[in-house]
Amino acid sequence: METKYIFVTGGVVSSLGKGIISASVAKLLQARGYNVTIQKFDPYINVDPGTLNPYEHGECYVTVDGHEADLDLGHYERFLNVQTTRANNITTGRIYQNVINKERRGDYLGKTVQIIPHITDEIKRNVKLLGTKKQFDFVITEIGGTVGDIESLPYLESVRQLRWEMGKNCLCIHLTYVPYIAAAKELKSKPTQHSVKQLQEVGIQPDILVLRTEHEISADVRKKVALFCNVDPAAVVQSIDVPSIYEVPLNMQKQHLDEIVLKKMGMPVGPTPEMKPWKSFLERMKNATETVHIGLVGKYVELPDAYKSINESLFQAATYNDRKLDLHLIHSEKVNDSNVAEWLSGMDGVIIAPGFGQRGIEGKFAALKYTREHDIPTFGICLGMQCMVIEFARNVLGYSDANSTEMEVNVKHNVIDLMESQKSISNMGGTMRLGEYDCILQEDSIPAKAYGTTHIKERHRHRFEFNNEYRDEFEKAGMKCVGENPDTHLVEVVEIPSLKWFVGVQYHPEYGSTVIKPNPLFVDFIKAAIQK
Ligand code: GLN
């Protein structure tokens, strides 16, 4: 079958959840036996989001092939249980970089290089890249930003051209917002009409409208939207607020969104898939009555999106342990030795978050000293693992100055140090140790038991590492290096076996955790937290 392309655009306001709608459509098509992938096109000029502060754009996600990506790729993987790659996330910066490189090479043979056709051709080439591999039946492309943004224009122009070229193999879904005016007790469709008009002005007629709403949209309002926007009434679907994003696919299925897509693309519809594993996950989520309390100590806690994949991994792991997750976001800058007991009181387990730089680091040490001394299940991730090592060096090995050279370049006891391979690097973008690497686990370690194997692959994003010169000293004092890279011997996992569950990982297990296949280490951590 020829690859089909579905575009998802958004209008009226941002943050409507285009990523979740894209992932839901993909999930429903996947449940029908199709191979589906989703890609995100972001209109900003950064070449990738790796250099963005989490305050700007939430978490930076990492793909197996080491691409620093938009956090929506995390949703795609969690919903589909299919890995994404560098090709699934393109930014304006990357498009321009490619075009400028071609221009410098002389590829344009003396032509004036312009937005149309050169930038739009490069966008179109990237849109079709995953489709040309013939491994996908559907490629869903989410266009970041909101219709009407100056930055989005080249993307919309490319979509217009592609629709023209591809005919029935191409379809547009537009997501808008229907506000509720409480004083008038009315849902308002006007912003949707204006947003569709804006799309039409750039030459795109949406095939399907998804209306995001906080209240049930009546058949009358849907009919009105359909009439004003040249869309079939049946193709006006509502996306009402639900308690969990994982309910959205079923919500869309009830309104036959996947059937509408298939019919519009001239494809057979067939029986409605049962979605059994998905539904059983949701059932476990709803049936859980007891709560597990997890404290996440980090510096971006005002912004829950900064730890998106960790939150979702914990939620999945809690669900598979038949528990409700109560995640307590604890600001590491506020924690110190004298108030830590208060901050961590009632926590069944504690996560020490990843991060960069000095800010909030002392609070992480205070939290770790407390959980280590009180044997509270503790999970350190990336910087969190490095903090475990530093805290142990300071308070158990007696090196009160111990630190990472990230925080203090000339520190005497550099128990965390810059990787050799990082020493000559000066560019910040895309230069960390990124993506999936092998790790060999010691047989009797907690992670080996949790994963059920001693050979794992997990994703990384860091520049600093455990300093192997100190390895013997740590091991003698009770902190074991139970996971290492087989080629470089970089320490990937530390554990204090005398404690119930005290594990630090240099990698990011949260990136690979999905609804159908939760990460085993998170599941085991929650299990330990419950047993506490
Ligand atoms: N800042 C640390 C490093 O670069 C940890 C990075 C992280 O937590 N992702 O090694």
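Provided above is the structure to which this section pertains.
Everything in this summary refers to the structure shown in the same document. On a predicted model such as this, the values are computed, not experimentally measured, just so you know. (Residues numbered from 1 in each chain as written. Predicted model: local features only at pLDDT ≥ 70, side-chain atom pairs only at ≥ 80, totals over all residues. Heavy atoms only, no water.)

## Observations concerning the sheet that holds strand β2 (residues 36–42)
Alright, step 1. Spatially, seven strands are ordered β5-β2-β6-β1-β7-β10-β11 in an open sheet, and the strand pairing comes out parallel. Each end of this open sheet is capped by a strand with a single partner; those strands are β5 (89–91) and β11 (236–240). On average, each strand axis in the sheet is tilted by 20° relative to the strand beside it, whichever way the strands run.
Alright, step 2. Those strands touched by helix α7 (residues 190–201) are β1 (4–10), β7 (170–177) and β10 (208–213), and its axis lies near 145° from that of β7.
Alright, step 3. Packing against the sheet, helix α8 (residues 219–229) makes contact with β10 and β11, and its axis sits at approximately 130° to β11. (Pairing = 2+ DSSP bridges. Helix = DSSP H or I, 4+ residues; strand = E, 2+ residues; numbered from the N terminus. Axes fitted to C-alpha atoms, helices over the stretch in contact; angles between N-to-C directions. Contact = heavy atoms within 4.5 Å.)

## A word on helix α6 (residues 153–166)
Alright, step 1. With 14 residues, α6 extends 20 Å from end C-alpha to end C-alpha; this agrees with the ideal 20 Å at 1.5 Å per step.
Alright, step 2. Restricting attention to buried positions, one finds in α6 the residues P154, Y155, L156, E157, S158, V159, Q161, L162 and M166.
Alright, step 3. Just downstream of α6, G167 is the residue with a positive phi angle, here 55°. (Expected span 1.5 Å × (residues − 1). Buried < 20%, exposed > 50% of the residue type's maximum accessible area, 1.4 Å probe, protein only.)

## What about helix α10 (residues 257–264)?
Alright, step 1. When you tally the buried positions in α10, you get six out of eight residues, the bulk of the element.
Alright, step 2. Of all the positions in α10, only L257, D258, E259, I260, V261 and L262 are classed as buried.
Alright, step 3. Of the residues flanking the end of α10, it is G266, one or two places downstream, whose phi is positive at about 70°.

## What about the pattern of salt bridges?
Alright, step 1. Within this structure, the stated rule accounts for 33 salt bridges.
Alright, step 2. Between R284 and D322 there is a salt bridge, and its shortest N-O distance comes to 2.9 Å. Of this pair, R284 sits in helix α11 (residues 276–287) while D322 sits in the loop between α12 (308–320) and β13 (324–331); the two residues are 38 residues apart in sequence, bridging distant segments of the chain.
Alright, step 3. A residue is classified by how much of its surface remains accessible, and R284, at 31% relative accessible area, is partly exposed.
Alright, step 4. For D322, a relative accessible area of 36% puts it in the partly exposed group. (Salt bridge = Lys/Arg side-chain N within 4 Å of Asp/Glu carboxyl O.)

## A closer look at the site of the ligand
Alright, step 1. The immediate surroundings of the ligand are formed by P354, G355, F356, C382, L383, Q386, E406, R461, H462, R463, F464 and H508.
Alright, step 2. Within the contact set of the ligand, an oxygen atom lies 3.1 Å away from a side-chain nitrogen or oxygen of Q386.
Alright, step 3. In this structure, a nitrogen atom belonging to the ligand sits 2.9 Å away from a main-chain N or O atom of R461.
Alright, step 4. Considering the ligand on its own, with 300 Å² of exposed area, one finds that the protein chains cover 99% of that surface.
Alright, step 5. Here the residues of the shell around the ligand are counted per class, giving five nonpolar, four polar and three charged. (Near = heavy atom within 4 Å. Polar contact = N/O pair within 3.5 Å; in protein donor to acceptor, adjacent residues only side chain to side chain. Areas by Shrake-Rupley, 256 points an atom, 1.4 Å probe, with all protein chains shown as cover. Nonpolar A, V, L, I, M, F, W, Y, C, P; charged D, E, K, R; others polar.)

## Focus on a nonpolar patch on the surface
Alright, step 1. A contiguous nonpolar patch, built from Y96, I100, I115 and I116 and spanning about 350 Å² of accessible area, is present on the exposed surface.
Alright, step 2. Following the sequence through the fold, I116 ends up in helix α5 (residues 115–132). (Patch = residues over 30% accessible without salt bridge, like charges linked within 9 Å, V, L, I, M, F, W, Y side chains within 5 Å.)

## A few points about the sheet that holds strand β15 (residues 378–381)
Alright, step 1. The mixed open sheet is built from nine strands, whose spatial order is β13-β12-β14-β15-β22-β21-β20-β17-β18. Here the strands that pair on one side only, and so sit at the sheet edges, are β13 and β18 (455–462). Between one strand and the next, the sheet's axes are offset by a mean angle of 25°, whatever the strand orientation.
Alright, step 2. In this sheet, β15 lies alongside strand β14 (residues 349–352) in parallel orientation, the contact comprising three bridges. By the bridge assignment for β15, I352 is matched with G380.
Alright, step 3. Across the sheet, helix α15 (residues 383–395) lies against β14, β15, β18, β21 (491–495) and β22 (502–505), angled at about 115° from β15, the strand it touches most.
Alright, step 4. This element, helix α18 (residues 520–531), spans β12 (291–298), β14, β15 and β22 of the sheet and lies at about 115° to β12.

## Focus: the nonpolar core
The tendency in soluble globular proteins is for nonpolar side chains to be buried as a group.
Alright, step 1. Ranked by internal contacts, the top residues of the largest apolar core, which has 60 residues, are I6, F138, I173 and I208.
Alright, step 2. Per-element accounting of this core gives the leading share, seven residues, to helix α1 (residues 18–31).
Alright, step 3. For F138, the residues in contact, after removing those within four places along its chain, are M1, K4, I6, L29, Y34, N35, V36, T37, L262, M265 and M267.
Alright, step 4. In terms of nonpolar packing, the next biggest core, distinct from the first, is built from 40 residues, I330, A366, M385 and F464 among them. (Core = buried A, V, L, I, M, F, W, Y, C linked by side-chain atoms within 4.5 Å.)

## Side note on the environment of G74
Alright, step 1. You can see G74 is positioned in helix α3 (residues 72–80).
Alright, step 2. The exposure class of G74 is buried, given its relative accessible area of 0%.
Alright, step 3. Considering only alpha carbons, one finds G74 and K308, 234 residues apart in sequence, at a separation of 8.4 Å.

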